[in-house]
Amino acid sequence: MKSIILGSRSPHKLFALTQACKKVGLVNPVIIGVGADSGVNAQPVGYEEMYRGALRRAESARDSDNSC
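Since the model is a prediction, treat every value here as computed from it, not as a measurement. (Residues numbered from 1 in each chain as written. Predicted model: local features only at pLDDT ≥ 70, side-chain atom pairs only at ≥ 80, totals over all residues. Heavy atoms only, no water.)

What follows concerns the environment of V30. By the secondary structure assignment, V30 is in the loop between α1 (11-23) and β2 (31-33). Residue V30 is classed as partly exposed on the basis of its relative accessible area of 40%. As a C-alpha pair, V30 and G46 span 16 residues in sequence and 32 Å in three-dimensional space. (Helix = DSSP H or I, 4+ residues; strand = E, 2+ residues; numbered from the N terminus. Buried < 20%, exposed > 50% of the residue type's maximum accessible area, 1.4 Å probe, protein only.)

A word on the environment of V34. Tracing the chain through its elements places V34 in the loop between β2 and α2 (46-64). The buried category is assigned to V34, whose relative accessible area is 16%. The sequence separation of V34 and A61 amounts to 27 residues, and the corresponding C-alpha distance is 6.5 Å.

Attention shifts here to unusual backbone geometry. Residue N28 is not a glycine yet carries a positive backbone phi of 50°. On the basis of relative accessible area, N28 is assigned to the exposed category, the value being 61%.

Taken as a whole and judged by the stated rule, the model has one aromatic pair. Ring geometry for Y47 versus Y51: centroids 5.9 Å apart, planes at 25°, classification stacked. With Y47 and Y51 both in helix α2 and four residues apart, the pair spans about one turn of that helix. The exposure class assigned to Y47 is exposed, which follows from its relative accessible area of 55%. (Phe/Tyr/Trp six-rings, centres within 6.5 Å; stacked < 30°, edge-to-face > 60°.)

Attention shifts here to the environment of N41. Mapped onto the secondary structure, N41 falls in the loop between β2 and α2. As for N41 and G53, which are separated by twelve residues in sequence, their C-alpha atoms are 8.4 Å apart. Of note is the side chain of N41, whose polar atom sits 2.8 Å from the side chain of E49. (Polar contact = N/O pair within 3.5 Å; in protein donor to acceptor, adjacent residues only side chain to side chain.)

See below:
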């Protein structure tokens, strides 16, 4: 199984992703949390800023490891 890279090292977000994987049938997923800059405010305001920050974190996480 390939790893899932999450653009955050937050224990809460890692736990939430683990639980989500289990709900869809992925047992014992290999999840790797990496620090990724969102490029937006620490507390984004509004959907657009939140979406932009999440997308940048996802792209940064993806680019951090090409084996996934």
